[in-house]
Amino acid sequence: MTDTQKGDIAMASVHLVNEDKLFVKDLDKYVEKCYIGNNDSVHVNSDGLNYHIVSVFGSQSTGKSTLLNRLFGTHFDVMDEEKRQQTTKGIWFSHANYIASTDHSIEDGKRSNNSNIYVLDVEGVDGRERADDKDFERKSALFALATSEVLIVNIFEHQVGLYQGANMELLKTVMEVNLSLFHEQSKKCLLLFVIRDFTGLTPISNLGQSLEADMNRIWKDLNKPEKCTDSKLEDFFDLKFFAISHKHYQPENFELNIKQLGDEFTNERLFNHNSYHKQIPVDAWALYSEKVWDQIENNKDLDLPTQQILVSKFKCNEILNNIYDDVFLSEFSSLETPTHNPVSSCEYFKKLREKCISNYDSQASRYKSTVYLDIRKDLTSKIDTKLKVFQSSILSNLSDSLISKLNSDFPTLKKSSKLSFKELLLSVNEDTIKSFKNQSINYLLVDESDANNKDGLIYIENYKLELEKLEKMLQDFTSTLKFKESHIIINKITKKFQIKFKDAIVEEFSNPSTESWDHVAIKFDELIEKLLTKPYLNNSHFDFNIDLSHNENETVHLKILRNFYHKFDSIVHDYINDDSATRILRNIFEDSFKFDSDGLPLVWKTFNQLDSQFNKSRDQALSLLPVLCNMKKSDGTYIKKPIFEIEGEEDDADSDYDDDDDFSDDESSNSNKELRFSKLLNSKQQAKVKLRFKKETDAIYLDAKRSMVANKTS
Ligand code: GDP
Ligand code: MG
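Residues numbered from 1 in each chain as written. Chains lettered and ligands numbered in written order. Predicted model: local features only at pLDDT ≥ 70, side-chain atom pairs only at ≥ 80, totals over all residues. Heavy atoms only, no water.

A.B. asks: Any chance you could explain the overall build of the protein here in plain terms?
C.D. replies: Helix and strand counts for the protein come out as 22 helices and eleven strands. In the protein, which comprises 714 residues, the proportion classed as buried is 46%. Restricting to contacts in the protein with at least 6 residues of sequence separation, those with at least 24 account for 77%. Looking at the protein as shown, the accessible area adds up to about 36600 Å², and 48% of this sits on carbon and sulfur atoms. (Helix = DSSP H or I, 4+ residues; strand = E, 2+ residues; numbered from the N terminus. Buried < 20%, exposed > 50% of the residue type's maximum accessible area, 1.4 Å probe, protein only. Contact = heavy atoms within 4.5 Å. Areas by Shrake-Rupley, 256 points an atom, 1.4 Å probe, with all protein chains shown as cover.)

This is the structure we're talking about:
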């Protein structure tokens, strides 16, 4: 603001409370514009207490406004000398344009108002007026006392010592209202008696004594509240006296006296080094004075400490909202969505947080400290709520990216690493947690030193929460991997079994015997021992070396065993059917019918011989048909497939069988299921095999007979 601008504003005074007792609007703007701060602003970098409020009191037309205008360069209305018209009633307010000074080095004797004196001109009444005026006078006295540090009491010299009339009434009013206001809390104010039209005949000290005596007398006669019965006048007021010569008769002295009075106002001693100050930061003064007036006007109890707390709350909240909306939110929303560079966002938010808090501190620390600190907490928690959401989203992005990296890297790692599956899992788990810790340290939004104290608490909370989530994700990831790995193992072992068992079956049934199923059962047990028990059974517990729990290992074991039986089942059933059974029987028959025990072709000499050989061979072959019909061992027991009860799975022991065979009568029975496993050919199939076998062997017999006949006849 330029000097001219400041001057322009100072030209005007404000009608603070008008004739209708209404308080002016937008006073805060006026107060702030006039204020001469260190940085030209009322808000920051100063305590906002560099100002004084001075009021004037006295009967009407005693030259109060004239005095203020000369003393402070204000422009309050002055009564026209010729028309003797009364000026506008109410309370007027102005920033002092200058302070009159005797200092010759100062241009025009106008010292600049660096200490920000604001002046209240209370347009009084002359004591003879209506009751309404009395009420107003009382209210304005109360208002002046609640807000001002210095009360100028304007009084003509010739009225001093007259313990009567308007002046005494006025003083009585001032003291009474002061009691109502300050009996709770003693905060003194200065009563500065300015004695007008001073002749010099009576020394000022005598006039002062006389006034003091009057004051004490009034004080004594006052009805005081109980708490204050013993209190003295000087507990509430400091008194000071100053004389000014007659404006018209001694104009030079008049001017000089005013300048001398101005000198008093530039001396901090007059303000008793701020001990009269109400300690309201200047930017809250408008609000404070409005609230005070509101209380007075509505005849409510005026409790100044409460008012001060209310004002502090209002102002601190206003500061909080401004900072949160205008500074924090506007900058936060532009970067809220996590970018590809969360570390720099965090740096930025950390600075933003610090900036907001320090902005708040510099503006709000001037208010009641309990209020200021409470609302500071509100601000931090509002900011932190937003930042917490942001932080948890970047932390969660971090966990997600670590897990997805692990997912894509693991297969390669598994191939290249020399570690066992179990060790590899452990190591990638540890590495992932370590990476999370190392990277998330950069996501702190408070100083590291603060991270462990209350300020940083939510961040620690966030971090812990996300770490727990990550650990859970790792657990899921690990169990999925283990599950996959267990299936690889299951399939590998099953495959080996399948190959070896199939070979064994083919070999066994190339030359079956009544002990065939004993051999098969032994082979089966051998394969279990070789492929499953020997490599994986350890201290009577299975362990497939992929970090499974006891139960999980047991499940894998059972699944492998079940697969073995499935393979057993499918290999045997594939291999032995009516076609192959016929072929096998025919081979047996042919071996016996056509070759001797040394494998040489048999030559039949007689038809009898042929017939008996044929019958013998056919019987021999047919005697082996039961071996191909059931998996029945030589001791008469069947090979059975156990029922596997595997957690979370339904047993599918009978899923391979068709319903159209003659075992479907009682499907629900387990023993039936077991029998269906051991059953190879049903009765229809057996009949078919027999029939075909008969046909084929008959044909062979006929051939043999024909060739014998041919040989004999040739
Ligand atoms: P206020 O009502 O107390 O504010 O008085 P004003 O400042 O309006 O002045 C009222 C009248 O008193 C005006 O005509 C002034 O010229 C006159 N006046 C101002 N100062 C003095 C003074 O020191 N002595 C006397 N006798 N009259 C004064
Ligand atoms: Mg006036």
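A.B. asks: Is there a simple way to think about the sheet that holds strand 3 (residues 90-95) in this case?
C.D. replies: In sheet architecture, strand pairing relies on hydrogen bonds along the backbone and comes in two forms, parallel and antiparallel. The strand order across the open sheet formed by seven strands is 1-3-6-2-7-8-9, and the pairing between neighbours is mixed. Edge positions in the sheet fall to strand 1 (14-17) and strand 9 (237-245), since each of these pairs with one other strand and no more. Shown here is a sheet whose adjacent strand axes are inclined to one another by a mean of 25 degrees, direction ignored. Here strand 3 pairs with strand 6 (residues 117-123) via six bridges, running antiparallel. Bridge pairing in strand 6 places Ser94 opposite Val119. Helix 3 (residues 64-72) rests against strand 2 (52-57), strand 6, strand 7 (150-156), strand 8 (189-198) and strand 9 of the sheet, and its axis sits at about 170 degrees to strand 6. Running at roughly 155 degrees to strand 9, helix 8 (residues 251-266) makes contact with strand 2, strand 6, strand 7, strand 8 and strand 9 of the sheet. (Pairing = 2+ DSSP bridges. Axes fitted to C-alpha atoms, helices over the stretch in contact; angles between N-to-C directions.)

A.B. asks: Help me out: how do you make sense of the packing of aromatic side chains in this one?
C.D. replies: Each aromatic ring pair is specified by the distance between its two centres and by the angle formed by the two planes. Enumeration according to the criterion identifies 40 aromatic pairs in this entry. An angle of 80 degrees between the planes, with centres 5.6 Å apart, marks the rings of Phe497 and Phe524 as edge-to-face. Pair noted here: Phe497 is in helix 15 (residues 457-510) and Phe524 is in helix 16 (residues 516-536), with a separation of 27 residues, a long-range link. What makes Phe497 buried here is its relative accessible area of 0%. A relative accessible area of 3% means that Phe524 is categorised as buried. When the centroid spacing of 6.0 Å and the interplanar angle of 85 degrees are considered together, the rings of Phe589 and Phe693 count as edge-to-face. On the criterion of sequence distance, the pair formed by Phe589 in helix 18 (residues 578-594) and Phe693 in helix 22 (residues 683-713) is long-range, its members being 104 residues apart. (Phe/Tyr/Trp six-rings, centres within 6.5 Å; stacked < 30°, edge-to-face > 60°.)

A.B. asks: Would you explain the site of ligand 1 in this entry?
C.D. replies: In the vicinity of ligand 1 lie 17 residues, with Ser65, Thr66, Met79, Glu81 and Asp197 positioned nearest. A distance of 3.0 Å is found between an oxygen atom of ligand 1 and a backbone nitrogen or oxygen belonging to Thr62. Ser65 is positioned with one of its side-chain polar atoms (N or O) 2.8 Å from an oxygen atom of ligand 1. Look at ligand 1: alone it shows 580 Å² of surface, and the protein chains cover 94% of it. (Near = heavy atom within 4 Å. Polar contact = N/O pair within 3.5 Å; in protein donor to acceptor, adjacent residues only side chain to side chain.)

A.B. asks: What exactly am I supposed to notice about the packing of helix 19 (residues 607-623) against helix 22 here?
C.D. replies: A pair of packed helices is characterised by two quantities: the angle between their axes and the separation of those axes. Two elements in contact, helix 19 and helix 22, have axes separated by 11 Å at closest approach and are oriented at 160 degrees. Classified by the angle their axes make, helix 19 and helix 22 are roughly antiparallel. In this structure, helix 19 meets helix 22 at a crossing whose hand is right-handed. Contacts between helix 19 and helix 22 pair Phe607, Leu610, Asp611, Phe614, Arg618, Ala621 and Leu622 from the former with Lys690, Phe693, Lys694, Thr697, Asp698, Tyr701, Ala704, Lys705, Met708, Val709 and Lys712 from the latter. A per-class count over the contact of helix 19 with helix 22 returns ten nonpolar, one polar and seven charged. (Parallel < 35°, antiparallel > 145°, perpendicular 65-115°, else oblique. Left-handed = near helix turned anticlockwise from the far one by under 90°. Nonpolar A, V, L, I, M, F, W, Y, C, P; charged D, E, K, R; others polar.)

A.B. asks: Mind showing me how you'd approach the environment of Leu624 here?
C.D. replies: Take Leu624: it is sitting in the loop between helix 19 and helix 20 (625-629). Ignoring anything within four residues of it in the chain, the contact list for Leu624 reads Pro512, Ser513, Thr514, Leu585 and Ile588.

A.B. asks: Quick question: what am I supposed to make of the pairing of strand 8 here?
C.D. replies: Each regular strand carries side chains that alternate between the two faces of the sheet. Within strand 8, nine of the ten residues are buried, leaving the element largely enclosed by the surrounding structure. Inspection of the sheet shows strand 7 paired to strand 8 by seven bridges, in the parallel sense. Looking at the pairing, Val153 lines up with Phe193 of strand 8. Pairing analysis gives eight bridges linking strand 8 to strand 9, with the strands arranged parallel. When the bridges of strand 9 are listed, Val194 appears paired with Phe242.

A.B. asks: Explanation requested: helix 16 in the structure shown.
C.D. replies: Every α-helix carries 3.6 residues per turn, so stepping three or four residues along brings you back to the same face. With 21 residues, helix 16 should reach 30 Å at 1.5 Å per residue; the first-to-last C-alpha distance of 29 Å fits that figure. At Glu529, helix 16 shows its largest kink, close to 40 degrees. What helix 16 keeps buried is the set Ser516, Trp517, Asp518, Val520, Ala521, Phe524, Leu527, Ile528, Leu531, Leu532 and Tyr536. (Expected span 1.5 Å × (residues − 1). Bend = angle between axes of the 7 residues up to and from the residue.)

A.B. asks: Just checking my understanding: could you explain the environment of Glu529 for this structure?
C.D. replies: In this structure, Glu529 sits in helix 16. Not counting chain neighbours up to four residues away, the residues in contact with Glu529 comprise Lys534 and Pro535.

As far as function goes, none of this settles anything; it's purely spatial.
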